[in-house]
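Observations on the model geometry
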Amino acid sequence: MSDRINILKKALEKDPVNPLGLYGLAVELFKEKRYDEAILYLKRYLDIHEDEGSAYRLLAQSYLNIGDIEKAIEYYQKGIEQAKKFNHNSMVEEFKAEIENLKSIL
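Below, the structure is looked at part by part. (Residues numbered from 1 in each chain as written. Predicted model: local features only at pLDDT ≥ 70, side-chain atom pairs only at ≥ 80, totals over all residues. Heavy atoms only, no water.)

1. Describing the overall build of the chain
Under the convention used in this document: Numbering of helices and strands runs from the N terminus, with a helix taken as a DSSP run of H or I at least four residues long and a strand as a DSSP run of E at least two residues long. Between buried and exposed lies partly exposed: a residue is buried under 20% and exposed over 50% of the maximum accessible area for its type, with that area taken using a 1.4 Å probe on protein chains only. Contact definition: two residues touch when any of their heavy atoms are within 4.5 Å. Shrake-Rupley sampling with a 1.4 Å probe provides the accessible areas, and residues are treated as covered by the protein chains on show and by no other component.
When helices and strands are counted, the chain shows six helices and zero strands. Starting at the N terminus, the α and β elements of the chain follow one another as α-α-α-α-α-α. A total of 106 residues make up the chain; the buried ones form 40% of that total. Contacts in the chain between residues far apart in sequence, at least 24 positions, make up 50% of those at least 6 positions apart. Looking at the chain as shown, the accessible area adds up to about 6300 Å², and 50% of this sits on carbon and sulfur atoms.

So this is what it looks like as structure tokens:
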């Protein structure tokens, strides 16, 4: 386990609803291919923080890496809604393209 993961987990023990801590830990877990754990922290993050789209990308990619294409599509779609809300048009287009790619392999 990386030092960064240990540091972030310790920080979250003190402040379990810190959005930056939750997201940062999810990113570190994703990098280590610990997708199930990344999903857990991303969902906690999204429960308490209105994300503009990036967390949905990471969540979709985590599901894709564990082979759950339907869930990946679902989170890209939720990401599109959020990205639209915050006027992130390039993200909307990126997510739409990802969904089309995934639907083609279903």
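2. Topic: the pattern of salt bridges
Stated formally: For this analysis, a salt bridge means a side-chain nitrogen from Lys or Arg found within 4 Å of a carboxyl oxygen belonging to Asp or Glu.
Enumeration over the complete set of coordinates arrives at nine salt bridges. Where Lys71 meets Glu74, a salt bridge forms, and the shortest distance between an N and an O atom there is 3.7 Å. With Lys71 and Glu74 both in helix H5 (residues 69-85) and three residues apart, this pair spans about one turn of that helix. With relative accessibility at 27%, the residue Lys71 sits in the partly exposed group. By relative accessible area, Glu74 is classed as partly exposed at 28%. The salt bridge partner of Glu74 is Lys78, with a shortest N-O separation of 3.4 Å. In this pair, Glu74 and Lys78 are both assigned in helix H5, four residues apart and thus about one turn of the helix distant.

3. Describing helix H1 (residues 3-14)
Definition in use: One fewer than the residue count of a helix, multiplied by 1.5 Å, yields its expected span. Read the arc as the range of directions from the helix axis to the C-beta atoms.
End to end, H1 covers 17 Å across 12 residues, agreeing with the expected 16 Å (1.5 Å per residue, within 8%). For H1, the complete set of buried residues consists of Ile5, Leu8 and Leu12. Buried residues of H1, seen end-on, are gathered within an arc of 70° and therefore sit on one face of the element. Looking at H1, the residues exposed on the side facing more than 90 degrees away from the buried face are Asp3, Ile7, Lys10, Glu13 and Lys14.

4. Let's talk about the packing of H5 against helix H6 (residues 89-105)
Convention followed: Whenever a helix is involved, its axis is fitted only over the stretch in contact; in every case the axis is a line through C-alpha atoms, and angles between N-to-C directions fall within 0 to 180 degrees. Under this scheme an angle from 65 to 115 degrees is roughly perpendicular, one under 35 degrees roughly parallel, and one over 145 degrees roughly antiparallel; angles in between are oblique. Handedness of each helix crossing follows the sense of rotation of the near helix against the far helix: counterclockwise by less than a right angle gives left-handed, clockwise gives right-handed. Gly counts as polar in this scheme, as do all residues outside two lists: the nonpolar Ala, Val, Leu, Ile, Met, Phe, Trp, Tyr, Cys and Pro, and the charged Asp, Glu, Lys and Arg.
Contact pair H5 / H6: the axes reach a minimum separation of 9 Å and the direction vectors enclose 160°. By the criterion of interaxial angle, the relationship of H5 to H6 is roughly antiparallel. As H5 packs across H6, the resulting crossing turns out to be left-handed. From H5, Ile69, Ala72, Ile73, Tyr76, Gln77, Gly79, Ile80, Ala83 and Lys84 reach across to H6, where they touch Met91, Val92, Phe95, Lys96, Glu98, Ile99, Leu102, Lys103 and Ile105. Residue composition of the contact of H5 with H6, grouped by class: 12 nonpolar, two polar and four charged.

5. Looking at the environment of Lys31
Applied cut-off: Whenever two N or O atoms come within 3.5 Å, that pair is a polar contact, provided that in protein one can donate a hydrogen and the other can accept it, and provided that, for residues adjacent in sequence, both atoms are side-chain atoms.
Within the secondary structure, Lys31 is located in helix H2 (residues 19-31). Separated by 3.2 Å, the side chains of Lys31 and Glu28 make a polar contact.

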